[in-house]
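One letter stands for each residue in the lines below.
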Amino acid sequence: MLDFSFQVRTTQSDLYQMAAIAELVDYYGWKQVTAIFIDDDYGRNGIAALSDKLAERRCKISYKVGIPPDTDFSQGDIMDILVKVALMESRVVVLHVNPNLGFRTFSVAKYLGMMGNGYVWIATDWLSSYLDSFSPLSSETMNTMQGVLTLRHYTPDSDRKKSFFSRWSKMTGGSLGLNAYGLYAYDSVWLVAHAIDAFLDQGGVISFSKDPRLISAEGGELHLDAMNIFDSGTFLLKNILKSDLIGLTGPLKFDSDRSLILPAYDIINVIGTGYRRIGYWSNYSGLSTVPPETLYMRPPNRSSANQHLYSVIWPGDTVLKPRGWVFPNNGKQLRVGVPIRVSFKEFVTRVPGTDMFKGFCVDVFTAAVSLLPYAVPYQFIPFGNGKENPSYTELVNLITTGFFDAAIGDIAIVTNRTKIVDFTQPYVASGLVVVAPFRKLKSGSWSFLRPFSPLMWTVTGCFFIVIGTVVWILEHRINDEFRGPPKRQIITVLWFSLSTLFFSHRENTLSTLGRFVLLIWLFVVLIINSSYTASLTSILTVQQLFSPISGIESLKEGDEPIGYQVGSFVEHYLSEELGISKSRLVALGSPEAYAKALKIGPKKKGGVAAVVDELAYVEHFLSSQCTYRIVGQEFTKSGWGFAFPRDSPLAVDMSTAILALSESGDLQRIHDKWLMHSSCSSDTTELESNRLELKSFWGLFLICGLACFLALCIYFLQIIRQLNRDDPTECTSPVQGSSHSGRIHRLLSLMDEKKDMSRQKNKRKVERSFSESDKDAELGRNTKRKGMEINSSS
C-alpha cells in the first residue's frame, strides 16, 4: 500500500505492553532500568515508548544498548554489552529482542552471574510467545532464565477456546503450541469473513481494477503492476470497524484509533520447567490479581492501594524483592560537595592543608555510609573560597548540573531546594529563631503595675464601672442605698464597684437580678485578684529578664536592623516570605560578629537589634554567650539533611541509615562529641513575657458581660410591662401612641420612681387578714350548725 488508510490492528499495540512494564517497575519501587533491545524499527520504537511511559511515573532508562539484528552477532559481542550493563547502577534489565538474541543473552548473563540475587529481568512478549509455541523447552535453556518476568497478551478462558486448543493439538500432534498471535490471526480471518458476509448482504459487488499508481520498479522482484485494487474497500472497512464479535481472544471491537478495545496482559514468572501467572495488567484498572473481565464490571480504580500481584520467585531463587540497583562498580567515586565554613566550624570544617573534612555533619555522613549494605566509594570536593561561608543554594544547584553527585553539611531542607534535589531524613531539627540581648529588671516604684498588661488594666477598670452601673440600674427603684442626689448616686456607683475588689461593699442588694450579677462578678474578681497576687509575688521575688523585642512579629513591625548568617537561606526568607526590606538586613559571618553587632545595638552603625538564624547555630552561639537569649517562639520548622539528585535510591538508603543511627543512640553521641560545650550556667530557656494578657481572662469577662446583658433585658421587660399595665389607654389611643416623647418621659419617670415595698407588704397583710376572717366566720357557722343539731336530737 502507498498509505495506511485501510490499516486495522487486530492485535494489541506495543505501546500498551510498554505501559504495563512501566507500571510494573513503579509498583516495585524501582526508579531506573537498563534497556537491551534489537536495533531495528521494532526495537527502537518499543524502547522509545517505554521511555515515555517510565517518565510519566518519574522513572527513567538509565542505560540502553541496541544489538544489531545481524545473525553474525557473536557471543563475545553480547558479553561485552552485558559487562557494561553489570557496571551500571541499575539492576533492572528490560529485554526487548527476538527469541534468538534473547536466549543467547540469557545464556551469557547466566555465565556472568547476572541471573543471581539482586538482578531483575523483564522480557517483552517474545518470550511468552515462544514458551507457548515450543514448550517444554530443554532444562538447560530453562535454567538460564529462572526468575524472569515476561508479558503475554491476555485472552480470557472460555469453552470455545479450550475446544479450539484441543482440536489444534490433535491436528498438530502436540508438536506445535499456539500462542496469542496465532489466536489473533484466527480471529482476524473470521473477522474479515463476517465483514465480507455483511458486505454481500448489503448488496455489495466484489470487483477489482488496476491502479496506475502501482508501478513495478525496474530490476526489482516485486511486480506491483500485477496487483489489483478492491473497488469497494471503503465499504468493507466500515463493516470491519463496526464489528462487535466475540472471538477466541475476547471481544473483537475497535476504538477510534482502529485498535482493539480493552488491552490487557498476563504477567508471568518463569520458574522451574515452566511458568506461573502472578497477575494481570489492563489499561482499565492497572495491576491486579483479578481477571480483567471481572474488573470491567466495576468502576475503574487505578489507586496504588488497588494494585496487587502475587509473590514472585526472583533470580537467585529468592522471594525477597530486589532493591533494583547497586552502587556502580565502574571505578567512579561519588563526588560529594562539602562547604568550606569559616564560622561554626564544629559543624563542618576543612582540615588545613588537606582535602579532608571533619565536624558533626561529616561524622554523621561517614557513620551512615558505614551502615549501608554495600560499599560506596566517595571523595569530598571542597566548595567555597574559604574567606566567607559559601551559598548553600549554589551548592545544591551544582547537584542538578551533575558537577556534584551529592552534598553534605549543615544544609537546611527548604521548599525551593526540595524542588530540584532529594534530601535524606533530617538528622538535625532546626527552625528559625530570634536572638536578642536582654537585661535584668529590678523592682521599682511602679512594679505593682507590671503583672497586668495595659489592655488588661483598661478592660478591668471598664468592667468595674459597668458592673457598678448595672447594679445601680437594677437596685435604684427598690433600694434606698442606691437613691439620692445625682452626685451621691455617682459616688455610690464608684464606691460599690471598686469595693467589690476587696469584698467590702456595705450596700445590700435586694433584687434577684442584682444579686445574680454581683455573684458572677465576685467570682471574676476572685480569679483576677488571685492571678494578680501570684504574678506580683513572682515579679518581686524572682529575678526577671526583659527584652524590648518579643519575637519575629515585633521585628517585622519595627524598622531596626536585623542580622543573619552569610550564605544561609535566612536572607531570602526574611525578604521574600516576610516582606522585610533588604536595607534592614545585615550579613554577619561568625558568632563573634553576632555578639559584637548585638552589643553595639541598633542605634549605631554596624549594630543590630536582633539576629535571626537556625536553632542549631543559635544554641551553639548561646552556649558561650550568656548575655543573649532566644525571644519568642521558633517560627519555622525544618531540618538539615544530605542532598542527592532527584530519584536517587542512595537518598532512601541513607535515610534508613540515619534512622538506624538515631535509634541506636549513635546520632546523639556524635552530637554530644561536637556540640556540648556550654560555659553558661544560667538559665538558657526562651525569654517569655511575665505579664498577664487579656486573652487569659476573656472567658470570664464574656460570662460577666452576658450576665449583665441578660439581667438588664429582664429588668427592662418588667419596666415596660408595668408601664403598659399602669396606663393601658396610652397603648390603644392612636393620638397618645404617636407621642413618643411622652412615653419615653413616662418610662424614665417610672425607672426613677421609688417602688413602695411597705405598701406591698401592707397589702399582703390585709389579704392575709381577710383570708383569716373568712376562715373564722366559716368555723363559727359550722359550730352553730352542730349546736342546733344537738338540740334537735335532745
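Up top is the structure these notes are about.
First, a word on what this report is: a plain description of the structure on this page. None of the values given here were measured: they were computed from a predicted structure.

Okay, the nonpolar core next. Formed by 76 residues in total, the largest nonpolar core has its most connected members in F360, Y427 and L650. If you tally residues by element for this core, the top one is helix α11 (residues 360-370), at eight residues. If we skip the residues at most four places from it in the chain, L650 touches W325, F327, L334, L372, Y374, V376 and F644. The next biggest cluster of nonpolar side chains, apart from the first, holds 33 residues, and it includes V25, W30, I47 and W314.

Positionally, N389 belongs in the loop between β16 (378-383) and α12 (392-400). Residue class for N389 comes out buried when judged on its relative accessible area of 3%. At a separation of 2.9 Å, a polar atom in the side chain of N389 contacts the main-chain amide nitrogen of V342. If we skip the residues at most four places from it in the chain, N389 touches R341, V342, S343, Q565, V566, G567 and G589.

With mixed pairing, eight strands are arranged side by side in an open sheet as β2-β1-β3-β4-β5-β10-β11-β12. Bordering the open sheet on either side are β2 (60-67) and β12 (286-288), each of which pairs with just one other strand. Direction aside, neighbouring strands of the sheet carry axes that sit 25° apart on average. Across three bridges, strand β11 (residues 274-282) lies against β12 in antiparallel orientation. Each residue of the ladder has a partner; that of Y280, found in β12, is S288. Most of the contacts of helix α3 (residues 75-86) go to β2, to which it runs at about 170°, and overall it touches β1 (32-38), β2, β3 (92-96) and β4 (120-123).

A word on the environment of T318. With respect to the element layout, T318 can be found in the loop between α10 (292-295) and β13 (334-339). Along the backbone, T318 and G118 are 200 residues apart, and their C-alpha atoms lie at a distance of 9.5 Å. Contacts of T318, omitting those with residues within four sequence positions, involve N117, V312 and I313. A distance of 3.1 Å separates a polar atom in the side chain of T318 from the backbone nitrogen of L320.

About the thresholds
Residues numbered from 1 in each chain as written. Predicted model: local features only at pLDDT ≥ 70, side-chain atom pairs only at ≥ 80, totals over all residues. Heavy atoms only, no water. Core = buried A, V, L, I, M, F, W, Y, C linked by side-chain atoms within 4.5 Å. Buried < 20%, exposed > 50% of the residue type's maximum accessible area, 1.4 Å probe, protein only. Helix = DSSP H or I, 4+ residues; strand = E, 2+ residues; numbered from the N terminus. Contact = heavy atoms within 4.5 Å. Polar contact = N/O pair within 3.5 Å; in protein donor to acceptor, adjacent residues only side chain to side chain. Pairing = 2+ DSSP bridges. Axes fitted to C-alpha atoms, helices over the stretch in contact; angles between N-to-C directions.

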